[in-house]
Amino acid sequence: MSAFTVGSGSCSGCYACINSTVDSSVTIGSDSCLGFSVCEELSGNVTIGNDSCYGLKACSNSSDYSSIMIDSQSCVGARSCMSMSGNSVVSNSSCVDTQACRYMNN
C-alpha cells in the first residue's frame, strides 16, 4: 500500500473517512473529514491537518507503531482522539471535547 491522502476540504458528511487503513502513512489535510464518526481506526504514520476530524468519535482507535501527529484545532468532538498508541504528538487546541485524548499509549 502507498500513502493514503485526504485533501483539504474532503470527506464532509456522515461516516466520512472511516477505516482508512494503510501500511505506510495517512495524511488528512485541513478542513477534512467533517461529520459523524469521522477518522476512525486510522493506522500507519498518521498526520491530521488543522481543523480536521470534527465530529462524534473523531480520531479514535488510531493505532500506530511510529508516530501520530495531530495539528492545532483538530479532532474536535465527543470521544475524540481515544485509544491512540505510538509516539503521539497532539498540538495546541486539539482533541477538544468530552472524553478527548483518552487512553493514549506511548
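Before reading further, recall that the structure is shown in the block above.
Reference entry: report on the structure contained in this document.

1. Considering unusual backbone geometry
Here is step 1 of the chain: Phi angles above zero are rare outside glycine, and Cys11 is one such case at about 60°.
Here is step 2 of the chain: In this structure, Cys11 sits in the loop between β1 (4-6) and β2 (21-28).
Here is step 3 of the chain: For Cys11, a relative accessible area of 32% puts it in the partly exposed group.

2. Some thoughts on the state of the cysteines
Where two cysteines share a covalent bond between their sulfur atoms, that bond is called a disulfide.
Here is step 1 of the chain: For the coordinates displayed, the defined rule picks out 4 disulfides.
Here is step 2 of the chain: Sulfur-sulfur distance for the disulfide between Cys39 and Cys53 comes to 2.3 Å. Disulfide Cys39-Cys53: torsion about the S-S bond near -80°, hence left-handed. Placement of Cys39 in the loop between β2 and β3 (43-48) and of Cys53 in the loop between β3 and β4 (67-70) is noted, with a sequence separation of 14 residues between them.
Here is step 3 of the chain: A relative accessible area of 0% places Cys39 in the buried class.
Here is step 4 of the chain: Given a relative accessible area of 0%, Cys53 falls into the buried group.
Here is step 5 of the chain: Across a sulfur-sulfur distance of 2.3 Å, Cys81 and Cys95 are joined as a disulfide pair. With the S-S dihedral at roughly -75°, the linkage between Cys81 and Cys95 falls on the left-handed side.

3. Topic: the nonpolar core
Here is step 1 of the chain: Core analysis: the largest hydrophobic core is formed by 21 residues, its most contacted members being Ile28, Cys33, Cys39, Ile48, Cys53, Ile70 and Cys75.
Here is step 2 of the chain: Among the elements of the structure, β2, β3 and β4 are those that each provide at least two residues to this core.
Here is step 3 of the chain: Residue contacts for Ile28: discarding those within four places in its chain leaves Val6, Cys33, Cys39, Leu42, Thr47, Ile48, Gly49, Ser52 and Cys53.

4. Overview of a nonpolar patch on the surface
Here is step 1 of the chain: On the surface, Tyr15, Phe36 and Leu56 cluster together into a nonpolar patch covering about 290 Å² of accessible area.
Here is step 2 of the chain: Within the secondary structure layout, Tyr15 lies in the loop between β1 and β2.
Here is step 3 of the chain: The exposed category is assigned to Tyr15, whose relative accessible area is 53%.

5. Topic: the environment of Ala3
Here is step 1 of the chain: Mapped onto the elements of the fold, Ala3 is located in the segment before β1.
Here is step 2 of the chain: Counting along the chain gives 24 residues from Ala3 to Thr27, while the straight-line C-alpha distance between them is 7.6 Å.
Here is step 3 of the chain: Each residue touching Ala3, except ones within four places of it in the same chain, is listed here: Ser24 and Ser25.

Thresholds applied
- Within each chain, residues carry numbers counting from 1 in the order of the written sequence.
- Given that this is a predicted model, residues contribute local features only at a pLDDT of at least 70 and side-chain atom pairs are listed and counted only at 80 or more, while totals for whole chains, interfaces and linings are drawn from all residues.
- The side-chain numbers reported here are obtained from all heavy atoms of the structure, hydrogens and water having been left aside.
- What counts as a helix is a DSSP run of H or I of at least four residues, what counts as a strand is a run of E of at least two, and both are numbered from the N terminus.
- The buried label goes to any residue with under 20% of its type's maximum accessible area, the exposed label to any with over 50%, and the partly exposed label to all in between, with areas taken from a 1.4 Å probe on protein chains only.
- By disulfide we mean two sulfur atoms from cysteines, separated by a distance within 2.5 Å.
- Only buried residues count toward a nonpolar core. Its members are Ala, Val, Leu, Ile, Met, Phe, Trp, Tyr and Cys residues joined through side-chain atoms within 4.5 Å.
- Residue contacts are counted whenever heavy atoms from the two residues lie within 4.5 Å of one another.
- Note that patches include only residues with greater than 30% relative accessible area and no salt bridge, and the join distances are 9 Å for like charges and 5 Å for nonpolar side chains (Val, Leu, Ile, Met, Phe, Trp, Tyr).
- For every accessible area listed, the method is Shrake-Rupley and the probe measures 1.4 Å; residues are considered covered only by the protein chains on display.
- Each salt bridge in this description consists of a side-chain nitrogen of Lys or Arg and a carboxyl oxygen of Asp or Glu lying within 4 Å of one another.

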